[in-house]
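# Structural description and commentary
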Amino acid sequence: MTPGGGVRRGCGRRTGRVPAAAFLAAAMVLPVAGAAAAADAEKVRLPVMPARLDAGDPCTGGSKARATAVPWEQQNLQLARTWEFGRGAGVKVAVVDTGVSAQAPTLAGRVSAVGPAGEDCVGHGTFVAGLIAAAPAKNVRVAGVAQESRIIAVRGTDERGTATAASVADGIRAAADAGAKVIQVSPALAADSAGLRSAVKYAASRDALIVAAATPDPAGSSPGREPEPPRDYWPAAAPGVLSVIDMDARGTRPDTAPATRGADLAAPGDGVVGVGPRGTGHFIGSGASFAAAYAAGAAALVRSAHPDLSAAGTAERLTRTAYPADVPRLDPYAAVTSVQDPVARPRVERDDSVALPPGNGSGGATRRAVWIAVAGGSLALLVAWVALVAPRGRSRGWRPAERRRVADAPGD
């Protein structure tokens, strides 16, 4: 814990407390095309995917509605551009959740289950697996981030969706034993345990990257009820775990989302569209578990495109290439394609056989010409920035890009 409540973990950057206002800067980074997708989802009246079922509730069935438009979250993450460079081939992604239905058509042939996890009464785990790896269907543009990855279904809850520290810890260990290189964990628990910490360390020893929801999925809000203060949830808060928070189409935190003290990444998680446990229809869902699914899919893309990267190196790459904000915003395209990341770029040794001889006049002249060109170009860019960008930045209240405290965070 850093002074003032901030947190720094082993896999990337953390911020202090995260209120909704922390995402306003992220909303300015890219134009968000969420309105059309949200309208499409509303028009076809997609059913809501539950996180758990009450006693006596029937299992989640198939949806009769299909969303055919490109969801806002796929546009926001620039997945169409990213898929030109790979789709996660060769990477096993474990989903520690309610199970993953082997009957889901867009996941057919790419799901292996640990124990009874091939059945999913709730449907939540199948929805998450679809966000990670669902293949495109005819006349449907809803698809997973890493469509060529393979899913390992692991039960991290009971059959109705209730999780405990022991069930999640067992799920993480089973996922690591099954050879997963990325482990998505949907449950976010209010308390840590020795068994959970041990399971996280065990997965790290197997070079598996855990990507976990920073908060539980929202359970709805009651009128007049005071929101709970920010807190840590587990295993997301454990060292070495990539913690992911949810954002909506505007780049802000949903009003009903539980508060947390910190997170490594922000990703779409409000009103996202995905598949169900049966049939070809779609559901809609909200929560940090779905944001973690998008980040896990991005991790699969990175590990496929850069197979020499370790789990820690993958997490570092995802956070370094994210859009700068109080909580860095997931950017799969940059994570896969960037050559500026020193973690992924090998060190090039100097080759003296092609070095210019000392005192070479033409070489010195060339170097001076290059430096003059670079200086001139930099000055032109600076003038353009001051003339065009800075006034707008001042009008929007932008401040220098530093890791600043959130002014309205509780307890500061």
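Up top you'll find the structure we're talking about.
Read on for a plain summary of the structure. (Residues numbered from 1 in each chain as written. Predicted model: local features only at pLDDT ≥ 70, side-chain atom pairs only at ≥ 80, totals over all residues. Heavy atoms only, no water.)

## Thoughts on the overall build of the protein
Quick note on the threshold: Strands here mean DSSP runs of E at least two residues long; helices mean DSSP runs of H or I at least four residues long; both are numbered from the N terminus. Relative accessible area decides the class of each residue, using a 1.4 Å probe on protein chains only: under 20% of the type maximum gives buried, over 50% gives exposed, and in between gives partly exposed. Any two residues whose heavy atoms approach within 4.5 Å at even a single point are treated as in contact. In these tables, accessible area is a Shrake-Rupley quantity obtained with a 1.4 Å probe, and a residue counts as shielded only by the protein chains included in the view.
Along the protein, the regular secondary structure elements total 11 helices and nine strands. Evaluated residue by residue, the protein yields a buried proportion of 49% over its 412 residues. At a minimum sequence separation of 6, the contacts of the protein that also span at least 24 residues come to 75%. With the model as given, the accessible surface of the protein reaches about 19,100 Å², and the carbon-plus-sulfur share is 56%.

## Focus: the environment of Tyr233
Examined against the element boundaries, Tyr233 turns out to sit in the loop between strand E5 (209-213) and strand E6 (242-247). Beyond its immediate sequence surroundings of up to four residues, Tyr233 is in contact with Ala188, Leu189, Ala190, Ala214, Thr215, Pro216, Glu228, Pro258 and Ala259.

## Some thoughts on the sheet that holds strand E1 (residues 92-97)
What counts here: At least two bridges found by DSSP between two strands are what make those strands a pair. Under this scheme, a helix contributes an axis fitted over its contacting stretch, all axes are lines through C-alpha atoms, and angles between N-to-C directions fall in the 0 to 180 degree range.
Within the open sheet, the seven strands sit side by side as E2-E3-E1-E4-E5-E6-E7. Their pairing is parallel. Whereas interior strands pair on both sides, the edge strands pair on one side only; in this sheet they are strand E2 (111-113) and strand E7 (265-268). Between one strand and the next, the sheet's axes are offset by a mean angle of 30 degrees, whatever the strand orientation. Pairing analysis gives four bridges linking E6 to E7, with the strands arranged parallel.

## Quick notes on the packing of helix H6 (residues 165-177) against helix H7 (residues 194-205)
Selection rule: For this classification, under 35 degrees means roughly parallel, over 145 means roughly antiparallel, 65 to 115 means roughly perpendicular, and everything else is oblique. Handedness of a crossing follows from how the near helix is turned relative to the far one, being left-handed for an anticlockwise turn of less than a right angle and right-handed for a clockwise one. The residue classification treats Ala, Val, Leu, Ile, Met, Phe, Trp, Tyr, Cys and Pro as nonpolar and Asp, Glu, Lys and Arg as charged. All others, Gly included, are polar.
One way to put it is that H6 packs onto H7 with a least axis distance of 8 Å and a crossing angle of 15 degrees. Between H6 and H7, the crossing angle belongs to the class labelled roughly parallel. The handedness of the crossing between H6 and H7 comes out as left-handed. For the pair H6 and H7, the contacting residues are Ala165, Val168, Ala169, Ile172, Arg173, Ala176 and Asp177 in the first and Gly195, Leu196, Ser198, Ala199, Val200, Tyr202 and Ala203 in the second. For the contact of H6 with H7, a count of residues per class yields 10 nonpolar, two polar and two charged.

## Digging into the nonpolar core
Inside soluble globular proteins, nonpolar side chains tend to come together where they are buried. Cut-off, in case you're wondering: What is meant by a nonpolar core is a set of buried Ala, Val, Leu, Ile, Met, Phe, Trp, Tyr and Cys residues, joined one to another through side-chain atoms within 4.5 Å.
Core analysis: the biggest nonpolar cluster contains 52 residues, and Ile132, Ile151, Val211, Tyr294, Leu318 and Leu330 have the highest contact counts within it. For Leu318, the contacting residues outside a window of four places in its chain are Leu242, Leu265, Ala295, Ala298, Ala299, Val302, Leu330 and Ala335. With 25 residues, the next largest nonpolar core counts Ala94, Val154, Ile172 and Val185 among its residues.

## Structural notes on the packing of aromatic side chains
Here is the rule: Note on aromatic pairs: the rings of Phe, Tyr and Trp (six-membered ring only in Trp) are paired at centre separations within 6.5 Å, and the planes decide the class, stacked below 30 degrees, edge-to-face beyond 60, tilted for the rest. Counting as a charge over the ring demands two things of the Lys NZ or Arg CZ atom: a distance within 6 Å of the ring centre and an angle within 35 degrees of the ring normal.
The full count for this structure, using the stated rule, is two aromatic pairs. Taken together, a centroid distance of 5.9 Å and an interplanar angle of 70 degrees make the contact between Phe85 and Tyr333 edge-to-face. Of the two residues, Phe85 sits in the loop between helix H4 (79-82) and E1 while Tyr333 sits in helix H10 (residues 332-337), which places them 248 residues apart along the sequence. Between Phe127 and Phe290, the aromatic rings sit 4.7 Å apart at their centres with planes inclined by 50 degrees, giving tilted as the arrangement. One end of the pair, Phe127, is in helix H5 (residues 124-133); the other, Phe290, is in helix H8 (residues 288-305), with 163 residues separating them in the sequence. The class for Phe290 is buried, based on a relative accessible area of 1%. Positioned over the ring face of Tyr202 is Arg173, at 4.7 Å from the centre of the ring. One cation-aromatic arrangement involves Arg231 over Tyr233; the distance from NZ or CZ to the ring centre is 5.3 Å.

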